[in-house]
Structure formats: structure tokens, C-alpha cells
Amino acid sequence: MADTEHPDDLIALERSAWEQIQAGTLTVETALAVRDGIDKFVADRKAAGNEVRRMDIEFGLKRLVRYKPAA
């Protein structure tokens, strides 16, 4: 999996979704916003000639938000 710099707005969307998941309040709107944000990021990267796999971006984003790095 390639290391990719995730934009702050996408990280914020994923954080919001993760908080809602943990509280049992995830909305369709939040889930769609994350999906659409990832899709836009992948499309922008592709347009810039830096094609990435959507799955890598999504998994990397989840890992960044949901798991603390080992100390």
C-alpha cells in the first residue's frame, strides 16, 4: 500500500464518521460525504497523473483516524 498524504478535510470527514460509528449514530449523509470525498480525492490524483487505488486511500484513511501509531 502506497503512503499517501490525505487532505485535512477528508481526515475531518472520516473522524466525524468514526465518532458517529462509535456512538451508534452514523448517518447516511456522513457516510456518503466520506465516500464522495474519497472518490473526489482519487479522481483529482488521477487527473494530476498520480493514479492511486481507491481501496488504498480508504484503508489508509481509516488507519490514520482509527488507530494510534505504536510508540
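Since this is a predicted model, take the numbers as computed values, not measurements.

1. Re the side chain of E14
By the secondary structure assignment, E14 is in helix 1 (residues 8-23). Residues in contact with E14, not counting those within four places in the same chain, are V34, L61, K62, V65 and R66.

2. Some details on the confidence of the model for the chain
On average, residues of the chain score 91 in pLDDT, and 92% of them reach the 70 mark or higher. Averaged pLDDT values over the elements of the chain bottom out at 94 in helix 3 (residues 54-66) and peak at 97 in helix 2 (residues 28-47).

3. Overview of the environment of L13
Within the secondary structure layout, L13 lies in helix 1. Between the C-alpha atoms of L13 and T30, which are 17 residues apart in sequence, the distance is 7.5 Å.

Rules used in this analysis
- Residues numbered from 1 in each chain as written.
- Predicted model: local features only at pLDDT ≥ 70, side-chain atom pairs only at ≥ 80, totals over all residues.
- Heavy atoms only, no water.
- Helix = DSSP H or I, 4+ residues; strand = E, 2+ residues; numbered from the N terminus.
- Contact = heavy atoms within 4.5 Å.
- pLDDT = per-residue confidence, 0-100.

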